Amino acid sequence: MAIIDLANPTRFLTLANRVLPWLAAATALLFAVGLYRAMGAPDDYQQGATVKIMFLHVPAAWLGMFGWSLMSVAALGTLVWRHPLADVAGKAAAPIGAAFTFICLVTGALWGRPTWGTYWVWDARLTSMLVLLLLYLAVLALYWTAEDAGRGARAAAILALVGAVNLPIIKFSVDWWNTLHQPASVFRMGGATIDSSILTPLLIMALAFSLLFVTLHLAAMRNEILRRRVRTMQLMQAQQLAEAGT
Amino acid sequence: MIGPHADFIIASYALTAFVVAALIAWVVLDYASQRRVLGDLEERGVTRRSRKD
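The paragraphs below set out a description of the structure included in this document. Every chain is numbered independently, its residues counted from 1 as its sequence is written. Note on labels: chains are lettered from A, ligands numbered from 1, in written order. The predicted nature of this model means local features are confined to residues of pLDDT at least 70 and side-chain atom pairs, given and counted, to a pLDDT of 80 or more, with totals for whole chains, interfaces and linings taken over all residues.

Concerning the overall build of chain A
Spelled out, the test is: Helix and strand labels come from DSSP, where a helix needs a run of H or I of at least four residues and a strand needs a run of E of at least two; each type is numbered from the N terminus. Each residue is classified by how many other C-beta atoms fall within 10 Å of its C-beta atom, where C-beta atoms are placed from the backbone; a count of 20 or more means buried, 12 or fewer means exposed, and values in between mean partly exposed. Contacts here follow a simple rule: the backbone-placed C-beta atoms of the two residues must lie within 7 Å.
When its secondary structure is counted, chain A shows seven helices and zero strands. For chain A, the succession of helices and strands along the chain, N to C, is α-α-α-α-α-α-α. With the C-alpha coordinates of chain A rotated into their principal frame, the extents come out at 80 × 35 × 30 Å. Counting the 246 residues in chain A, one finds 37% classified as buried. Contacts in chain A between residues far apart in sequence, at least 24 positions, make up 76% of those at least 6 positions apart.

Have a look at this one:
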């Protein structure tokens with residue numbers, strides 16, 4: 001099957017039904033290994049056991065940003081090619097990306113209190129991440145409240161593209177401004193600065209969260225395709241009833 | 001075992017577990033709901049025009 005064939009909703013549903021159980025099982029297995037390794041990881045010499053919050057906070061931050069990147073690519077598909085699956089992909093990613101961004105912000109606050117002495121500061125990294133959450137909420141509002149679904153989808157796609165400007169701001173905020181948030185310590189020139197005893201469980205947890213994102217996204221896309229079929233069939237039923245009444 | 005800041009660590013894991021569980025429940029319940037409505041419509045003889053099977 002060629003990749004382009006998957007752009008057909010019916011073929012996509014067949015593929016999703018086939019791979020979702022395997023993806024869910026792989027996600028559960030990776031979480032079991034990741035959590036076991038995370039609980040066994042040593043305390044940080046400065047932060048103590050609070051470093052365990054990192055195993056949630058960092059993957060959630062990455063996936064919050066990944067979700068918006070995915071929505072931006074899907075937005076191109078919606079606006080340029082007007083492909084219905086692109087809109088389905090964008091709409092399905094929004095609540096999942098928002099949830100991961102929310103997890104990132106709250107676990108960050110819970111990590112900040114014992115390590116920085118405060119839950120929140122208006123520094124560039126924290127503020128740009130909060131802006132990302134607000135952008136997600138704006139996209140969800142467009143999808144959920146638009147009377148014309150097509151216009152809502154196009155408006156959400158434009159916002160997804162405009163909001164992508166925030167992604168490099170989040171990534172480089174710790175380099176461009178003097179922030180309380182630490183600079184990058186995993187993906188940086190010169191390699192990671194984290195000891196392998198902590199880096200390995202972090203990467204396993206990141207992989208587990210990534211698989212969870214993919215699994216949820218495929219499942220949410222499947223639901224959205226079914227919802228659109230239901231809508232089409234309800235409209236046809238209403239049309240048939242109207243024709244029968246005249 | 002997890003030091004003087006155990007409350008913050010436990011709260012982080014509990015919140016994450018709650019949000020992930022909510023996401024899973026959302027997709028599972030939504031899927032069941034869409035399948036049920038589709039089944040009802042098909043039982044009443046409503047079909048999509050594009051459907052070839």
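Some thoughts on the interface of chain B and chain A
Here is the rule we go by: Residues are sorted three ways: Asp, Glu, Lys and Arg are charged, Ala, Val, Leu, Ile, Met, Phe, Trp, Tyr, Cys and Pro are nonpolar, and all the rest, Gly among them, are polar.
If you look at the interface, chain B gives 23 residues, while chain A gives 30 residues. Residue classes in the side of chain B that touches chain A are distributed as 15 nonpolar, five polar and three charged.

Some remarks on helix α5 (residues 149–163) of chain A
Residue and element names in this part refer to chain A. Selection criterion: By definition here, a helix of n residues has an expected span of 1.5 Å times n minus one. Here, the arc refers to the directions that run from the helix axis to the C-beta atoms.
The terminal C-alpha atoms of α5 lie 20 Å apart, and with 15 residues this matches the ideal 21 Å at 1.5 Å per residue to within 8%. Among the residues making up α5, those that are buried are Ala153, Ala156, Ala157, Ala160 and Gly163. Seen end-on, α5 carries its buried residues on one side only, within an arc spanning 135 degrees. Facing away from the buried surface of α5 by more than 90 degrees, the exposed residues are Arg151 and Val162. Where α5 is buried, its residues touch α2 (54–81), α3 (84–116), α4 (124–145) and α6 (166–176).

Observations concerning α2 of chain A
Taking 1.5 Å of rise per residue, 28 residues should cover 40 Å, and α2 of chain A covers 40 Å from first to last C-alpha, within 8% of that figure. Remark: Arg82 of chain A follows α2 of chain A within two positions and exhibits a positive phi of approximately 55 degrees.

Description of unusual backbone geometry
Of note in this structure, Arg82 of chain A is not a glycine but carries a positive phi near 55 degrees. Summarising the element assignment, Arg82 of chain A is placed in the loop between α2 and α3.

Thoughts on the nonpolar core
Residues and elements named next belong to chain A. The condition that has to hold: The nonpolar core is taken to be a set of buried Ala, Val, Leu, Ile, Met, Phe, Trp, Tyr and Cys residues joined by way of C-beta atoms within 7 Å.
Counting 63 residues, the largest nonpolar core has Ala60, Met71, Ala93, Ile96 and Leu216 as the members making the most contacts within it. Broken down by element, the residue count for this core peaks at 15 residues, all from α3. Beyond its immediate stretch of four places on either side in the chain, Ala93 contacts Gly67, Leu70, Met71, Ala74 and His217.

Looking at the environment of Ile198 of chain A
All names here are of chain A. Within the element layout of this structure, Ile198 appears in helix α7 (residues 196–245). Of the residues examined, Ile198 has 20 C-beta atoms within 10 Å and is grouped as buried. Residues in contact with Ile198, not counting those within four places in the same chain, are Ala41 and Val51.

What to know about the packing of α2 of chain A against α7 of chain A
Working note: a packed helix pair is described by the angle between its axes plus the distance between those axes. Residue and element names in this part refer to chain A. Selection rule: For helices, the fitted line uses only the C-alpha atoms of the stretch in contact; every axis is such a line through C-alpha atoms, and the angle between N-to-C directions lies from 0 to 180 degrees. For classification, angles of less than 35 degrees are called roughly parallel, those exceeding 145 degrees roughly antiparallel, those between 65 and 115 degrees roughly perpendicular, and all remaining angles oblique. In this scheme, a crossing is called left-handed if the near helix is turned counterclockwise away from the far one by less than a right angle; it is called right-handed if the turn is clockwise.
Look at α2 against α7: their axes get within 9 Å of each other, and the N-to-C directions meet at 45 degrees. Considering the angle they form, α2 stands oblique to α7. In the crossing of α2 with α7, the sense of the turn from one axis to the other is right-handed. Between α2, through Met54, Phe55, Val58, Pro59, Ala60, Trp62, Leu63 and Phe66, and α7, the contact on the second element is made entirely by Pro201, Leu202, Met205, Ala206, Phe209, Ser210 and Phe213.

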